[in-house]
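Residue-level listing of the chains:
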Amino acid sequence: MKTVNVGILGLGTVGAGTAETLLKQGPLMEARTGIPLVLKKAADLDLGRDFGFEIPKEILTTDAQEVINDPDIQIVVELIGGTGIAKKLVLDALAAKKSVVTANKALLAEHGTELMAAAEANGVDLFFEAAVAGGIPIIKALREGLVANPITRICGIMNGTCNYILTRMEREGIDFEVVLKEAQELGYAEAEPSLDVDGWDTAHKAVILSQIAFGVPLNLEDVPVDGIRGIDPEDVKNAKELGYRIKLLAMLDQSEKGYSVGVQPVLIPMDHMLSNVHMSFNAVLVDGEVVDETLYYGRGAGRLPTASAVVADIVDAARDLSGDAHARIPLSWNANPAPAWIPPEERLERSYLRLFLKNAPGSLAKVAEKLGSYGISITSLVQHENDEEGGFVPVVIVTHVATVGAIQSALADLAEMPHLVEPRMVRYRLEELNS
Ligand code: NDP
Ligand code: HSE
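Presented here is an overview of the structure given in this document. (Residues numbered from 1 in each chain as written. Chains lettered and ligands numbered in written order. Predicted model: local features only at pLDDT ≥ 70, side-chain atom pairs only at ≥ 80, totals over all residues. Heavy atoms only, no water.)

## Comments concerning the side chain of K247
Examined against the element boundaries, K247 turns out to sit in strand β8 (residues 244-255). Despite being buried, K247 has no salt bridge partner; E170 is the closest side chain of opposite charge, sitting 5.8 Å away. A polar side-chain atom of K247 sits 2.7 Å from the main-chain carbonyl oxygen of V277. (Helix = DSSP H or I, 4+ residues; strand = E, 2+ residues; numbered from the N terminus. Buried < 20%, exposed > 50% of the residue type's maximum accessible area, 1.4 Å probe, protein only. Lys, Arg positive; Asp, Glu negative; His and termini not counted. Salt bridge = Lys/Arg side-chain N within 4 Å of Asp/Glu carboxyl O. Polar contact = N/O pair within 3.5 Å; in protein donor to acceptor, adjacent residues only side chain to side chain.)

## Points about the sheet that holds strand β4 (residues 75-78)
The 6 strands are arranged β3-β2-β1-β4-β5-β6 in an open sheet whose pairing can be described as parallel. Of all the strands in the sheet, the pair left with one neighbour each is β3 (60-61) and β6 (126-127). Note that strand β1 (residues 4-9) and β4 share 4 bridges and pair parallel. For L9, the partnering residue across the bridge sits in β4 and is E78. (Pairing = 2+ DSSP bridges.)

## Here we look at the site of ligand 2
Taken together, K105, N159, G160, T161, Y188, A189, E190, D196, D201, K205, G300 and A301 make up the full set of residues adjacent to ligand 2. G160 is positioned such that a nitrogen or oxygen atom in its backbone is 2.7 Å from an oxygen atom of ligand 2. Calculation on ligand 2 without its partners gives an accessible area of 260 Å², and the protein chains cover 94% of this total. Sorting the residues of the shell around ligand 2 by element identifies α6 (160-172) and α9 (200-214) as the ones contributing at least two each. A breakdown of the residues in the shell around ligand 2 according to their chemical character gives 3 nonpolar, 4 polar and 5 charged. (Near = heavy atom within 4 Å. Areas by Shrake-Rupley, 256 points an atom, 1.4 Å probe, with all protein chains shown as cover. Nonpolar A, V, L, I, M, F, W, Y, C, P; charged D, E, K, R; others polar.)

## Description of the pairing of β8
Of all 12 residues in β8, 9 are buried, a share of seventy percent or more. Relative to β8, strand β7 (residues 151-157) is paired through 4 bridges, and the arrangement is antiparallel. Within β8, the residue paired with C155 across the bridge is M251. Here β8 folds back onto strand β9 (residues 258-269), and the loop between the two strands holds 2 residues.

## What about the packing of aromatic side chains?
For any pair of aromatic rings, geometry is given as the distance between the ring centres together with the angle between the planes. Counted under the stated rule, the structure contains 5 aromatic pairs. Seen from their ring centres, Y259 and W341 are 5.2 Å apart, and the 65° between their planes marks the pair as edge-to-face. Of this pair, Y259 sits in strand β9 while W341 sits in the loop between α11 (303-322) and β12 (348-358), and the two are 82 residues apart along the sequence. Residue class for Y259 comes out buried when judged on its relative accessible area of 3%. An angle of 25° between the planes, with centres 6.3 Å apart, marks the rings of Y352 and Y428 as stacked. Taken together, the positions of Y352 in strand β12 and Y428 in strand β16 (residues 426-430) put the pair 76 residues apart, joining distant regions of the chain. What makes Y352 buried here is its relative accessible area of 0%. Following the ring pairs from residue to residue traces out a cluster consisting of F214, Y259 and W341. (Phe/Tyr/Trp six-rings, centres within 6.5 Å; stacked < 30°, edge-to-face > 60°.)

## Side note on the packing of helix α5 (residues 138-145) against α9
For the pair α5 and α9, interaxial distance at closest approach is 10 Å and the crossing angle is 10°. It follows that α5 is roughly parallel to α9 by the angle criterion. Contact residues: I138, I139, L142 and R143 in α5; I208, L209 and I212 in α9. (Axes fitted to C-alpha atoms, helices over the stretch in contact; angles between N-to-C directions. Parallel < 35°, antiparallel > 145°, perpendicular 65-115°, else oblique. Contact = heavy atoms within 4.5 Å.)

## Description of the nonpolar core
With 79 residues, the main nonpolar core has V132, I138, L142, I154, L209, I228 and V286 as its most contacted residues. If you tally residues by element for this core, the top one is α9, at 8 residues. Apart from residues no more than four positions distant in its own chain, I154 is found in contact with L142, L209, A213, A250, M251, L252, V284, L285 and V286. Formed by 31 residues, the second largest nonpolar core is a distinct cluster that contains V6, I35, L39 and A130. (Core = buried A, V, L, I, M, F, W, Y, C linked by side-chain atoms within 4.5 Å.)

## Concerning the state of the cysteines
Scanning all chains against the criterion turns up 0 disulfides. Cysteine C155 is unpaired, with the sulfur of C162 as its nearest cysteine sulfur at 15 Å. According to the relative accessible area criterion, C162 is buried, its value standing at 1%. (Disulfide = S-S within 2.5 Å.)

## Thoughts on the site of ligand 1
For ligand 1, the set of nearby residues contains 21 residues, the closest of which are V14, D44, K105, E190 and G302. Here an oxygen atom of ligand 1 sits 2.8 Å away from a polar atom, N or O, in the main chain of V14. Between K105 and ligand 1, the recorded distance is 3.4 Å, taken from a side-chain N or O atom to an oxygen atom. Contact with the protein chains covers 79% of the free accessible surface of ligand 1, which is 900 Å². Tallied by class, residues from the shell around ligand 1 come to 9 nonpolar, 8 polar and 4 charged.

## Brief notes about the environment of R303
The residue R303 is located in helix α11 in this model. The exposure class assigned to R303 is partly exposed, which follows from its relative accessible area of 23%. Sequence separation between R303 and A16 is 287 residues, and the spatial gap between their C-alpha atoms is 7.5 Å. Setting aside chain neighbours within four positions, we find R303 in contact with T13, A16, G17, E20, F51, G52 and F53. Among the polar contacts made by the side chain of R303, one reaches the main-chain carbonyl oxygen of F51 at a distance of 3.1 Å.

## Considerations on the side chain of R429
Here R429 lies in strand β16. The class of R429 is buried, set by a relative accessible area of 5%. At 3.5 Å, the side chain of R429 forms a polar contact with the side chain of Q264. Contact partners of R429, with chain neighbours within four places excluded, come to M251, D253, Q264, P265, V266, L267, R347, E349 and R350.

Here you go:
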């Protein structure tokens, strides 16, 4: 079969891992696919850096356009990241009729529709397996393995950095900032790590999955997003006492009423499989109407796990080129009639609340009454013995399902009663994750 030439833009964590995998696993992949893949050129701004393996000097350049304009290169791999120069380079490559592979979730979440249209107009592929859940082939699973399934739920731990931080904090009680620094050193974190810890990286991935699963263009601004920065060790401890663990989840749901997408820390049962996904591992639970529940697990970040997904896309694009097939794997970006969007405040959720109540007769009853006035009923309540007469003491309340709007209104009302409740209140979603 004819050789397929590949060019890489960006030789950072993922780019260097991809180059290394292409060079080291080339013979294996050729044996499996019959297609010789050649890394023809690779661009990075800093060529003096240690790439972690021996890369032939003659293929290196500091000029990304040199890679795109090389007439022998058929597949361009964008691993620079961000929505600035990366967007221009991807559009340039597509316009030059090169297939593009990227791991750039921010770019796809914000400009996916435009990029897909450019790929379609130029008759080339745009693949992005590594953009969601690192080394887990979740995009392929949704597009191919589950193609017959209307998707009813996706629930995923999809940020390696956050899961690494939460695991270390829970297991070793290590300080947030210290663990974040370690996640950066391990190559898990984004160049701007607030994207990870404030939930935006997970939201980018949720928007991409929502596009594929529900076929609807979704604005990032419409997704309620909360990260892990504010998680207090006290809530981790309380959750454990109640039999739950806190994980940062992307939750995508679809029913006959419509669909909803959100990213937030959620209390999930300690014995659920997702609770036992630790460190930089990710896991994505997908419910399909035909198949029922499925679960995908693996490394969600890091040099080689991510390279595994990037190279799988390169092989897919090479297969299309070798078979003269365009869009063998359907784009499925805006494929379906659009379901209705359920606004966040109309979503039905159970809640974990931590309030500080006045240690005085009747205060608990008044809080229960306030929640009740919004139709919110309490399933359990924990208050540890405290003899600090007249002070404010922590009380943990778990509720039945109620709309998020009702909970927000009840908490806003309570905040107006400072004689009874301190304004610092904690609320997390709680999910049993029943199938
Ligand atoms: P890095 O910051 O490690 O790598 C990006 C590289 O691109 C850097 O070496 C940078 O050089 C280089 N670069 C910047 N501008 C240019 C340019 N104009 N031309 C050529 N090279 C350039 O990022 P990662 O490898 O971690 O991430 C890359 C992409 O993969 C991002 O979209 C990220 O979200 C995604 N991703 C990352 C994962 C991970 O585990 N790290 C996992 C899944 C996806 P310099 O440093 O000198 O600016
Ligand atoms: N920063 C991301 C994470 C990289 O920690 O999951 C993988 O997308």
